[in-house]
Amino acid sequence: MAGQRAFRRGVGVAAVASALLVGTALPAAAGATGGAGGSSHGGPGHGGTRTAMDTAVRTEGLPGMIATARSGQWSWTTATGTADTTTGQPRSPRERFRIGSVTKTFIATVVLQLQAEGRLDLDDTVDRWLPGVVSGNGNDGSAITVRQLLNHTSGLFAYDDDPGMAAVLFTPQFLSRRYDTYTPEQLVRIAVSHPPVFAPGAKREYSNTNYILAGMIVAEVTGHPYGTQIERRIVRPLGLGGTSVPGTATAVPRPHARGYSKLFGGSPTPVDTTELNPSMAGAAGEIVSTTDDLTRFLSALMRGRLLPQAELDEMLTTEGPGGLGIGSGTLSCGVTVWGHDGGIHGSSTLALTTRDGRHAVAFNTNADWFTGKLGLAEAEFCG
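Before going into details, it helps to say that this report is about the structure given with it.

## Observations regarding the overall build of the chain
Counting secondary structure elements, the chain contains 15 helices and 13 strands. For the chain, the residues scored as buried account for 58% of the 383 residues in total.

## Some points on the packing of aromatic side chains
Enumeration according to the criterion identifies 2 aromatic pairs in this entry. Here the aromatic rings of Phe106 and Phe297 are separated by 3.9 Å at their centres, their planes lie at 15°, and the arrangement is stacked. Of the two residues, Phe106 sits in helix α5 (residues 103-116) while Phe297 sits in helix α13 (residues 291-302), which places them 191 residues apart along the sequence. Across the pair, exposure class does not vary: Phe106 and Phe297 are buried alike. On the numbers, 5.6 Å between centres and 90° between planes, the contact of Phe170 with Phe264 is edge-to-face. Highlighted residues: Phe170 in helix α8 (residues 163-170) and Phe264 in the loop between β7 (260-261) and β8 (271-272), separated in sequence by 94 residues. Take Phe170 and Phe264: they sit in the same class, and that class is buried. Above the plane of the ring of Trp129 lies Arg128, whose end atom (NZ or CZ) is 4.0 Å from the centre. A cation over an aromatic ring shows up here: Lys262 above the ring of Trp369, its NZ or CZ 4.7 Å from the ring centre.

## Some words on the pattern of salt bridges
Within this structure, the stated rule accounts for 10 salt bridges. Sharing partners across several salt bridges, the network here consists of Arg70, Asp292 and Arg296.

## As for the environment of His152
Locating His152 in the fold gives a position in the loop between α7 (146-150) and α8. Taking the C-alpha atoms as reference, His152 lies 8.0 Å from Pro321; in sequence the two are 169 residues apart. Those residues in contact with His152 that sit more than four places away from it in its chain are Lys104, Phe198, Lys203, Arg204, Glu205, Tyr206, Ser207, Asn210 and Tyr211.

## Observations regarding the state of the cysteines
The final tally for this structure, using the stated rule, is 1 disulfide. Cys333 shares a disulfide with Cys382; S-S distance 2.0 Å. On the S-S bond that ties Cys333 to Cys382, the torsion sits near -65°, and the link is left-handed. Of this pair, Cys333 sits in the loop between β10 (327-330) and β11 (336-344) while Cys382 sits in helix α15 (residues 373-382), and the two are 49 residues apart along the sequence. The class of Cys333 is partly exposed, set by a relative accessible area of 39%.

## Here we look at the side chain of Gln229
Looking at the element boundaries, Gln229 is found in helix α12 (residues 226-238). For Gln229, a relative accessible area of 2% puts it in the buried group. A distance of 2.6 Å separates polar atoms of two side chains, one belonging to Gln229 and the other to Arg233.

## A word on the environment of Arg58
Residue placement: Arg58 occurs in helix α4 (residues 47-60). The exposure class of Arg58 is partly exposed, given its relative accessible area of 44%. Linking Arg58 and Gly81, residues 23 residues apart in sequence, is a C-alpha distance of 8.8 Å.

## Considerations on α8
Among the residues making up α8, those that are buried are Met165, Ala166, Val168, Leu169 and Phe170. Each buried residue of α8 lies within a common arc of 165° when the element is viewed along its axis, so the set occupies one face.

## Here's the deal with the environment of Arg303
Tracing the backbone shows Arg303 in the loop between α13 and α14 (309-315). Here the alpha-carbon distance between Arg303 and Arg355, two residues 52 residues apart in the chain, equals 8.5 Å.

## Some details on the packing of helix α10 (residues 184-192) against helix α11 (residues 208-222)
Put simply, α10 and α11 touch, their axes get as near as 10 Å, and they point 140° apart. Comparing the axis directions of α10 and α11 gives the class oblique. Here α10 runs over α11; the crossing is left-handed. Of α11, the residues touching α10 (which contributes Pro184, Glu185, Leu187, Val188 and Ala191) are Thr209, Ile212, Leu213 and Met216. Considering only residue class, the contact of α10 with α11 consists of 7 nonpolar, 1 polar and 1 charged.

## Things to note about the nonpolar core
The nonpolar side chains of a soluble globular protein tend to be buried with one another. One finds Phe106, Ile230 and Phe297 to be the most contacted residues of the largest nonpolar core, which totals 76 residues. Sorting elements by how many residues they give to this core places α11 first, with 8 residues. Contacts of Phe297, omitting those with residues within four sequence positions, involve Thr105, Phe106, Thr109, Ile234, Leu238, Leu240 and Leu306. Membership of the second largest hydrophobic core comes to 23 residues, among which are Ala69, Leu350, Ala367 and Ala377.

Calculation rules
Residues numbered from 1 in each chain as written. Predicted model: local features only at pLDDT ≥ 70, side-chain atom pairs only at ≥ 80, totals over all residues. Heavy atoms only, no water. Helix = DSSP H or I, 4+ residues; strand = E, 2+ residues; numbered from the N terminus. Buried < 20%, exposed > 50% of the residue type's maximum accessible area, 1.4 Å probe, protein only. Phe/Tyr/Trp six-rings, centres within 6.5 Å; stacked < 30°, edge-to-face > 60°. Lys NZ or Arg CZ within 6 Å of the ring centre and 35° of its normal. Salt bridge = Lys/Arg side-chain N within 4 Å of Asp/Glu carboxyl O. Contact = heavy atoms within 4.5 Å. Disulfide = S-S within 2.5 Å. Polar contact = N/O pair within 3.5 Å; in protein donor to acceptor, adjacent residues only side chain to side chain. Arc of directions from axis to C-beta. Axes fitted to C-alpha atoms, helices over the stretch in contact; angles between N-to-C directions. Parallel < 35°, antiparallel > 145°, perpendicular 65-115°, else oblique. Left-handed = near helix turned anticlockwise from the far one by under 90°. Nonpolar A, V, L, I, M, F, W, Y, C, P; charged D, E, K, R; others polar. Core = buried A, V, L, I, M, F, W, Y, C linked by side-chain atoms within 4.5 Å.

And the structure:
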């Protein structure tokens, strides 16, 4: 179970806030281990971040890693390791990659935009928009609110915890099933074939089912797929040229690295999982982006370019279960960061920002077994 958490839980900064408070120490590293040394356009240095990346690639056996940091008007990019272990091609910060559960921050932003427009309310029930979809086996869509989907307090069973689905996603079966298409309705039916994990609002437990439903609600409210709404409301206004919502497209747009997976504990050695049908993650984790685009997105979000102040305040609440599609944690140096992390077969991503949006960073490794994300955060914000 724990080894599959990168995909199945997405973790999110909120879920690891206690670890962020403690911080993660990384061993010293001596210079780069391969790949680009980094480029910048003015601003502060990032030597500690580059050292932490090199160390992580070396000690965890990762193929490679890329990063972009944005501080005020300055940006910095770097890459280390390889994009393709067969050819030895180095990684490049220009690459596109699957961002996994960082998708949830995009989805939550769209939902909050719709509330700001008066088209839905976070306290609407799921049944208000999707009547009868969440029912049976003790599941009741009339008792779950949109807010509870976004903050993971719905109690809904995670569809990817279903034994049959888990076997398809997290064992060698995946290699022959990677091109399967799943509809959101199918994934929700799998989830509600199980009783709820707890009563709505009783506690918080991460479930990808919540964001599958949130994506369905966006489509119901607007009359357009959630991907269309993300592109219209976020991607185009911010000029995020490397960001896309692939739907069922199995290829990652070029340029991209090869993605390597240990099937979240299901394979002892890495296998190439570059191509897959992301409908298995849908609104919970399908987006493709770049490190530059993710820092632009988070900076714009925090600076109020995407949400009115009232909705941004709701998104960033620290009361009760915490934020909506985003989480926060305080690092060892006292800096509080907001963001999300995400994992999907062959890709691990971390995107963080300060509350004022002036300092943002995004990392990606083309592997799904990376465990040292907190160390990267410490290096960038505390180094």
